[in-house]
Every structure is written in C-alpha cells, then in structure tokens.
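# Descriptive structure summary
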Amino acid sequence: MPRFSFDRIISACIFMLLLGISPLSAQNLVPNSSFNDFTWCPGGRGLLGWAVPWYSPNRNTSDFCHSCSGSPSYSGVPTNRWGDQLPYMGEGYAGIRTWISTDVFVAGKNYREYLAVELTDSLRGGDTYFLSFKVSVGDNAGYFSDDIGMYLSPDTIASDTILLFTPQLENPEGNLLEDMDNWVEISGQFVAEGGERFLVIGNFKVDDNTTLVPTPDSDSMFQTTYFFIDDVKVEACKARFPETLLFAEDSLICPGETIRLTGVDLDSATYEWEDSSTDLIRQIQAPGTYELSVSLNGCTRKDSISIEGIELPAIDLGADTTLCPGESLLLSVESGADSYLWSDQSNGTELLVESGGSYSVEVQKGKCSQTASVQISYEEIPPQPADKELQKCSDTDLELIPDLKGLNYTWQDFSTTENFLAKEAGTYWVEVESYCYQLRETFVVSEFTCSCESMVPNVFSPNGDGINEAFLPIFEAAPSRYQLDVFDRYGRALYSSTVPSTGWEGKLGTKDLPSGVYYWTISYSCLEGGEIQDVVKSGYLSLLR
C-alpha cells in the first residue's frame, strides 16, 4: 500500500498513540468471548452457565465444551457428543441446537437453544459497532441451516421458549452453513440506538420460516441442527480509527490547480471515495465536498472534506492581431480581482496599445493568479513598387515573386497563389492585400535565347585581306561571363580578353607573330535549361600569314 505524508499533517499512528488507541485492537465488550474461563469444568450437557458470565436465557440445554474435560468426552475438546472440532482460539467453545425435529421429540416444536451474556458496557447511541461470531456445524447434526444471528437488547433477555427478535446481525438468507471442518465468520456492523447491554445468539425464526437441508448422512445423525460458537465480538468501530480520516494539502483551490487529498494510512484498511475510486491518495482539480470511506476489520467509517474554489475574473486579451498606422487597441479584463499587473507595470483593468509588441497581464485574487498575453504587430504601408523588367529564356518558364507580402494575392488571370509562373513574354501584375493596404506590383517579361553552344575556329589568317582576320569564338547566345587566353608553344601568355566580341589578331602587343601553332583556353558562363552553366574549353589553332 502506498505511503503518504506531508509536514502539516500529523501521522495517524502518532495521533492514535497519543490517545492511547490502537487501530488493530479495539476493545471487545463481550466478556469471556472465547469461552476460556469457567467456574467448573463441564462434564455433561447444558452447562453453558459454567462458562461465566454466559447463560441460557430460556434455560434449555445450551452446551459448554472445554479441553479441561478431556477428549473424547460428552463436553470435551476437540471430540465431544456433537463432533470433533478444535476451538477457533483458546481452549473452549459453546454449542446450541437451533431446531429439533418433532418426529423424534414431540415437544420439539419451536425448540431453541440460545447463548446470552451481559456486555461490559452499554452501547452508545449513534455509534457504529462491529459484531461477529464464528460458527462450525457439528459433525453429528442431521440438518444444515442458514438461520442464526445476534440480537442486542437494552433489557434482560426474556425467558421465552423462542425469542422472536429481529437480530442486528444475521447470517445472510441462502448462505447455508454446512462447513463441519472449519470455522465460518458471521459479521457486520450497525448503529446503536443507545443503551443496548445484553447479547443473545441463536435462531429467531419459527420452525415454518427456518431453512433446513438434510446433511449427507442425516438418517444416522441426530435429527437436529447444531452449531459450535466461538470468538464472539462487539466492538466500537470508532476505536479502530483516528478522529480524522481525510486530509488535504489546502482547503482552497485555484482555477487549473491540482490539490492532493489523502486518507489516513492504516494497515489492512481498504478505501473507497465517493466517485468509487479506491486509491489512498487522490488528485482533485475542482472545488467540492469529497468523501472517503475507510473499512478496517469489519468496520467502516466515513470522513469528508470541503474544498472551496477561488473564482478569478474573466481574463481574455483576444487573439494576436495587427494594427495599421494611426490605429490603437484597448485591452481590458473584468474587475473583481485583488490586483492587476500589466507588462508595462500599470495596475488598472485596461491598457491602451499604440505600438507593436507582446502585452500581458497577471490577475491575482487571494492565493490564486492567472496570466494572459497577446502579440500585437504594427504594419507599415510600403511605397508603390516600380515596375520590374525581367528576362526569361525562350524555352523555360520564369517564376514571378512579388516584393510585396500580404494576406491575399490576385494575379491578372485571377489566380490567388503567392507566386506566378510566366510561360511567355508579356506584362504581368499582382494585387497584394494585407491588413492595412492593397497595392499592385507589375512585371514586364521579355524573352531571349538561352544556350551554351559555342564554335571555336582552329585557323585564322591576319593578312589584311579582310577574311578571317582574328581568332574569335562564336556563341549561339551571349555568355554572362567570358575569359579568352592564348599561349605560344612554350606556354608564354600572348593574349587575354574578357570581351566576347573582341578577338586575337595574331600579335604580341603591336608586334605581328609568325605563322605557327598556338594554344588557347576559354571559360564562360551561360544560361541553359533555366540554370547557369559554367563551361571551360581549350585547344590548338594555326596562324597563317
């Protein structure tokens, strides 16, 4: 079983020790409850009165058996006239017939034997008491029955042949008592009216209402019922429990808070809350009255505790929002709290917002507090954007991305995506709508050929005839980056150019170079397939004069 303690709660065990109470050993008000004590050792039938202070209220032959008589003997233990049985505890027990057949005893109509005793103290009105006794069926009984109980009376038990009382403790109807080997407990609890002092055990029903079932060997047995009785108890339930059974961490609960309730931790006890849960510890999140039933050794006691709630004023600053230039927003919470603290350290129920930022308020009442926050954005209105002039490759699409950012977008074809895919040259526009503005952005798209194809000649003749006068690579589409270098056969740099339209005329500076073979490299960047490509080429060329 889980253990629980906290500083403000005195442990139930210490509490009971201070009061001199043990939860496991309540005071039994039944004297000589196990029939151990006697004035004379029994030597025959009907000697219950020798187990002082027990007696037979109607003077029938209620039996007293004790080990002092030896065994076997008429009233011995464990073997006697009615069977063989060891005591439940101690050295003795009692025995009674709760019915006799008129077939063998003509005067046996409604014949009853009872056990009676005066308690050591009167019961107190309104107090709950635990009642119990142990029974075992005599081996020589010819019938089983379920009719046996205990009655408590404020008056001396009358000397009648049959006692037609309504017992406070009764074996349940249909619970046939047929165990001849073991002791069976009949137990329960009741609330005393007050003054009950005398106890009697037996069958309180007439023959016509008595349940009778023949035993397997009934033909050879006594035509009667017979019960051995031992360990009779009448105990005040409150003596089993400390005064307080239920504790709480706090008697006040805040919204959203969890408070722990716990029952007093008693060995062998079982617990049940009003919601049918059975744990010793319970977590609650709402005010209310909570009740715990604690059961221990046949007794049940209840305790309850009230948890009050603290209601905070409603606190809702609304959703995050955006304000336009010149706008303001009044944040407010309900009144009724002990204090308010806004993020700007003001203390009222309202706050005027005129700039962007995060705003919060803490509301406190008693020990409870609650916080809410909201994010406020201020939006600037941008200037009307200038038209954008863009180029696209003739064989690829161009994605148009507005500089303006807003909530809604409407393009010239009424599509509403944030970006737009231009498939051909033309003028495109988008209207962008935000919290504070609606502006149009225009894109003028032109097309051009995109290719990385190039042709590099391998011979040229700078001889003044106007034909093939310079070494110049030829491009299908103008490159975006260009570098041409020419070297002699010794690797000496002769010429370098970054202008695609300017070629090498076969000179080193102003000096004409002789006919021969020269080495060249070219690197450039170009747009092809919608992506920038970097190209490097090299080779040999012949200069002819």
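Higher on the page you've got the structure.
Residues numbered from 1 in each chain as written. Predicted model: local features only at pLDDT ≥ 70, side-chain atom pairs only at ≥ 80, totals over all residues. Heavy atoms only, no water.

Across its full length, the protein holds 1 helix and 41 strands. Along the first, second and third principal axes, the C-alpha set of the protein runs to 160 × 65 × 45 Å. Taken across its 545 residues, the protein has 43% of its residues classed as buried. In the protein, 33 side chains carry a positive charge and 79 a negative one; their mean positions are 5 Å apart. (Helix = DSSP H or I, 4+ residues; strand = E, 2+ residues; numbered from the N terminus. Buried < 20%, exposed > 50% of the residue type's maximum accessible area, 1.4 Å probe, protein only. Lys, Arg positive; Asp, Glu negative; His and termini not counted. Charge placed at Lys NZ, Arg CZ, Asp CG, Glu CD.)

This paragraph deals with the sheet that holds strand 18 (residues 281–284). Taken together, 3 strands build an open sheet; the order of strands is 14-16-18 and the sheet is antiparallel. The outermost strands of the open sheet, each flanked by one partner alone, are strand 14 (246–248) and strand 18. Taking each pair of neighbouring strands and ignoring which way they run, the sheet shows an average axis angle of 25 degrees. Two elements, strand 14 and strand 16 (residues 259–263), share 3 bridges in a ladder whose sense is antiparallel. Bridging from a neighbouring strand, leucine 246 pairs with glycine 263 of strand 16. (Pairing = 2+ DSSP bridges. Axes fitted to C-alpha atoms, helices over the stretch in contact; angles between N-to-C directions.)

This paragraph deals with the layout of surface pockets. The space that makes up the largest pocket amounts to roughly 260 Å³. Gln27, Leu29, Thr120, Asp121, Ser122, Arg124, Asp127, Tyr129, Ala236, Lys238 and Ala239 are the residues that line the largest pocket. Grouping the amino acids of the lining of the largest pocket by side-chain chemistry returns 4 nonpolar, 3 polar and 4 charged. (1 Å grid on protein atoms, 1.4 Å probe; cavity = no way out; pocket = protein on both sides within 12 Å on 5 of 7 lines; lining within 4 Å. Points joined across faces, edges and corners; volume = space filled by probe spheres on them. Nonpolar A, V, L, I, M, F, W, Y, C, P; charged D, E, K, R; others polar.)

What follows covers unusual backbone geometry. Glycine aside, residues mostly have negative phi angles, and peptide bonds mostly take the trans form. The peptide bond linking valine 52 to proline 53 adopts the cis configuration, its omega dihedral lying at 0 degrees. One can find proline 53 in the loop between helix 1 (12–19) and strand 1 (63–66). Omega for the peptide link from serine 71 to proline 72 comes to 5 degrees, which places this bond in the cis form. Tracing the backbone shows proline 72 in the loop between strand 1 and strand 2 (79–80). Its identity as a non-glycine residue notwithstanding, arginine 59 has a phi of 65 degrees, on the positive side. With respect to the helices, strands and loops of the structure, arginine 59 is situated in the loop between helix 1 and strand 1. According to the relative accessible area criterion, arginine 59 is exposed, its value standing at 68%.

Bringing the sheet that holds strand 8 (residues 149–153) into the picture now. Here we have 4 strands laid out as an open sheet, ordered 5-11-8-9, and antiparallel in their pairing. Each having just a single partner strand, strand 5 (115–118) and strand 9 (169–170) make up the two edges of the open sheet. One ladder, built from 4 bridges, connects strand 5 with strand 11 (residues 198–202); its direction is antiparallel. Residue pairing for strand 11: leucine 115 is matched across the bridge by isoleucine 201.

Looking now at the state of the cysteines. Within this structure, the stated rule accounts for 6 disulfides. Disulfide pairing is shown between cysteine 237 and cysteine 299; the S-S distance is 2.0 Å. What sets the handedness of the cysteine 237 and cysteine 299 disulfide is the S-S torsion sign, and at about -80 degrees it is left-handed. On the criterion of sequence distance, the pair formed by cysteine 237 in the loop between strand 13 (227–236) and strand 14 and cysteine 299 in strand 20 (residues 299–309) is long-range, its members being 62 residues apart. With its sulfur 1.7 Å from that of its partner, cysteine 393 forms a disulfide with cysteine 450. Handedness of the cysteine 393-cysteine 450 disulfide follows from its S-S torsion of about -90 degrees: it is left-handed. Of the two residues, cysteine 393 is situated in strand 27 (residues 388–393) and cysteine 450 in the loop between strand 32 (438–448) and strand 33 (454–455); the sequence distance between them amounts to 57 residues. You can call cysteine 393 buried: its relative accessible area is 2%. (Disulfide = S-S within 2.5 Å.)

So, on to the side chain of asparagine 203. One can find asparagine 203 in the loop between strand 11 and strand 12 (213–214). Taking relative accessible area as the criterion, asparagine 203 reaches 2% and is therefore assigned buried. In this structure the side chain of asparagine 203 is engaged in a polar contact, spanning 3.2 Å, whose partner is the backbone oxygen of threonine 98. There is a polar contact of 3.0 Å between the side chain of asparagine 203 and the backbone nitrogen of lysine 205. When near neighbours in sequence (up to four residues on either side) are disregarded, asparagine 203 contacts Thr98, Arg112, Tyr114, Asp147, Leu163 and Thr210. (Polar contact = N/O pair within 3.5 Å; in protein donor to acceptor, adjacent residues only side chain to side chain. Contact = heavy atoms within 4.5 Å.)

A word on empty space enclosed by the protein. In the structure shown here, the tally under the stated rule is 1 cavity of 30 Å³ or more. One number sums up the size of the largest cavity: a volume of about 30 Å³. Lining the largest cavity are Asp147, Ile148, Gly149, Pro167, Glu170, Gly202, Asn203 and Phe204. Grouping the amino acids of the lining of the largest cavity by side-chain chemistry returns 3 nonpolar, 3 polar and 2 charged.

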